[in-house]
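# A closer look at the structure
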Amino acid sequence: MAGIEPEEQLKELGATLTGIEQVLDLDSMRRDIAELREQSADPDLWSDQERAQSVTRRLSHLESELGRVEGLRQRLDDVATLYELAQEMDDADTRTEADGELASLHKAVQQLEVRTLMSGEYDAREALVTINAQAGGVDAADWAEQLQRMYLRWAERHGYPTEVYETSYAEEAGIKSTTFTVKAPYAYGTLRGEHGTHRLVRISPFDNQGRRQTSFAGLDIVPVVEQSDHVDIDENDLRVDVYRSSGPGGQGVNTTDSAVRITHIPTGIVVSCQNERSQLQNKATAMNVLQAKLLERKRQEDADKLSELRGDTTTSWGTQIRNYVLHPYQIVKDLRTGVEAGNPSAVLDGEIDEFIEAEIRWMRQQEQEPA
């Protein structure tokens, strides 16, 4: 908005914020908050731990979102007053302060606007994330572990709870695979653009000749299933294996065969869980993961059929989505949106919001394009 007079910028931001308020439906949000507060005050709620945690997470999210919108509206009014004061007093310092607040406000409104673009059927769900090492040997396993840390750090930065269900460690370094959830409303809608292959180029710390190595890791993002979802799973289609949970170096997490691996024979989908202490709990969690993956598979098949009827060539956004180059120069670049970052260390420490926001806008644009 550079070059536009502050009055016009304030007017445009006000209109954008009004549109956001209409899409989010603040009155409905306030009613939901009141209802959730009533539920959370029920002493019997915590007899069902899972439901109680879901209610409190949802309440916290809505209160935070409402406060965020109301706070931006107040800031918009305050900065308008600040400009009026600067003009009345002919004060350059106050004008500079107002300009800085206006730039900050513009960025904050843009970030909130991204939230209104998430209107898919499952966008409001929590996210189930699976990371797999692909081509690149030990470097790929190490890269998969770095990606796991990146997303867990991203969630931590936002205050989103996470739970790691299973991690399969590689022999020399890194991990073969991992599955974890991001337990926040709209986590799936936020992260679904991260689905695909992530490519790392660097001097390999595992090559004694110090050669450059390219390695790949794949991300699979699916929405967490809810009670309203219906996925038929025939027990005869399942192979259930139990094994001993283990961590890096083969040290036992516990001394019983409590970890569970479930193979869905018709599709070849394999899921595991080893974070719980009992085999029954691990099996229940693994079944939830399997349901989520089968639900996403069905959704994708339906989308493919619709795409075929419409004459679209593809419903996916490609496999390789982002390059992380650490040598001979340093850059992280998204292949779809063109967004770049010159500080890979910060990105790998979870600073990926710029990429995520650009992806959401890009995906919405792709979905709106006529067939």
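Residues numbered from 1 in each chain as written. Predicted model: local features only at pLDDT ≥ 70, side-chain atom pairs only at ≥ 80, totals over all residues. Heavy atoms only, no water.

Strand order in this open sheet of three strands is β6-β7-β8, and the pairing throughout is antiparallel. Both edges of this open sheet fall to β6 (238-243) and β8 (269-273), since each of them pairs with a single strand only. Sheet twist, expressed as the mean angle between neighbouring strand axes with direction ignored, is 15°. Sheet topology places strand β7 (residues 259-264) next to β8; five bridges connect them, and they run antiparallel. Looking across to β8, one finds that Val260 is bridged to Cys273. (Pairing = 2+ DSSP bridges. Helix = DSSP H or I, 4+ residues; strand = E, 2+ residues; numbered from the N terminus. Axes fitted to C-alpha atoms, helices over the stretch in contact; angles between N-to-C directions.)

Attention now moves to helix α2 (residues 26-40). Its 15 residues give α2 an end-to-end C-alpha distance of 21 Å, which sits within 8% of 21 Å, the value for a rise of 1.5 Å per residue. Listing the buried residues of α2 in full gives Leu26, Met29, Ile33 and Leu36. For α2, the buried positions fall inside an angular range of 80° around the axis, keeping them on one side. In α2, the exposed positions that point more than 90 degrees away from the buried face belong to Arg31 and Glu38. (Expected span 1.5 Å × (residues − 1). Buried < 20%, exposed > 50% of the residue type's maximum accessible area, 1.4 Å probe, protein only. Arc of directions from axis to C-beta.)

For the chain, the average pLDDT comes to 87, and 91% of its residues sit at 70 or higher. Between residues 309-318, whose pLDDT stays under 50, and residues either more than four places distant or in other chains, the model counts 15 contacts. (pLDDT = per-residue confidence, 0-100. Contact = heavy atoms within 4.5 Å.)

To continue, consider the side chain of Arg322. Secondary-structure assignment places Arg322 in strand β9 (residues 320-325). Within the structure, Arg322 has its side chain in polar contact with the side chain of Glu194 (distance 2.6 Å). Residue contacts for Arg322: discarding those within four places in its chain leaves Tyr151, Glu194, Thr197, His198, Arg199, Val332, Lys333, Asp334, Leu335, Arg336, Phe355 and Glu359. (Polar contact = N/O pair within 3.5 Å; in protein donor to acceptor, adjacent residues only side chain to side chain.)

What follows concerns the nonpolar core. Counting 55 residues, the largest nonpolar core has Leu147, Tyr151, Val182, Leu191, Leu290 and Tyr324 as its most contacted members. Those residues in contact with Val182 that sit more than four places away from it in its chain are Glu126, Ala127, Val129, Trp154, Ala155, Tyr160, Pro161, Thr162, Ala187 and Leu191. Judged by nonpolar contacts, the second largest core, of 27 residues, contains Leu17, Ile20, Val55 and Val79. (Core = buried A, V, L, I, M, F, W, Y, C linked by side-chain atoms within 4.5 Å.)

Where like charges cluster on the molecular surface, the negative patch consists of Glu5, Glu7, Glu8 and Glu12. Mapped onto the secondary structure, Glu5 falls in the segment before α1 (6-24). (Patch = residues over 30% accessible without salt bridge, like charges linked within 9 Å, V, L, I, M, F, W, Y side chains within 5 Å. Areas by Shrake-Rupley, 256 points an atom, 1.4 Å probe, with all protein chains shown as cover. Salt bridge = Lys/Arg side-chain N within 4 Å of Asp/Glu carboxyl O. Lys, Arg positive; Asp, Glu negative; His and termini not counted. Charge placed at Lys NZ, Arg CZ, Asp CG, Glu CD.)

Turning to the pairing of β8, a few remarks are in order. For β8, the tally of buried residues reaches four of five residues, placing the bulk of the element in the interior. Connecting β7 to the antiparallel partner β8 that follows it, the hairpin turn spans four residues, and Gly268 within it adopts a positive phi of roughly 80°.

Attention now moves to the sheet that holds strand β5 (residues 212-223). Paired through backbone hydrogen bonds, the strands of a sheet run either parallel or antiparallel to each other. The strand order β2-β3-β1-β5-β4-β9-β10-β11 describes an open sheet built from eight strands, whose pairing is mixed. Unpaired on one side and paired on the other, β2 (162-169) and β11 (340-341) mark the two borders of the sheet. In this sheet, β11 lies alongside strand β10 (residues 331-334) in antiparallel orientation, the contact comprising two bridges. Residue pairing across strands places Val332 opposite Ala341, the latter belonging to β11. Lying on the sheet, helix α5 (residues 137-158) is in contact with β1 (127-133), β2, β3 (175-182), β4 (196-203), β5 and β9; it crosses β5 at an angle near 45°.

The omega angle of the peptide bond from His327 to Pro328 is 10°, so this bond is cis rather than trans. If you trace the backbone, Pro328 turns up in the loop between β9 and β10. Of note in this structure, Asp90 is not a glycine but carries a positive phi near 50°. For Asp90, the location among the structural elements is in the loop between α3 (49-89) and α4 (92-116). The phi dihedral of Tyr186 is positive, around 70°, even though this residue is not glycine. Locating Tyr186 in the fold gives a position in the loop between β3 and α6 (187-191). Accessibility expressed as a relative area gives 15% for Tyr186, which makes it buried.

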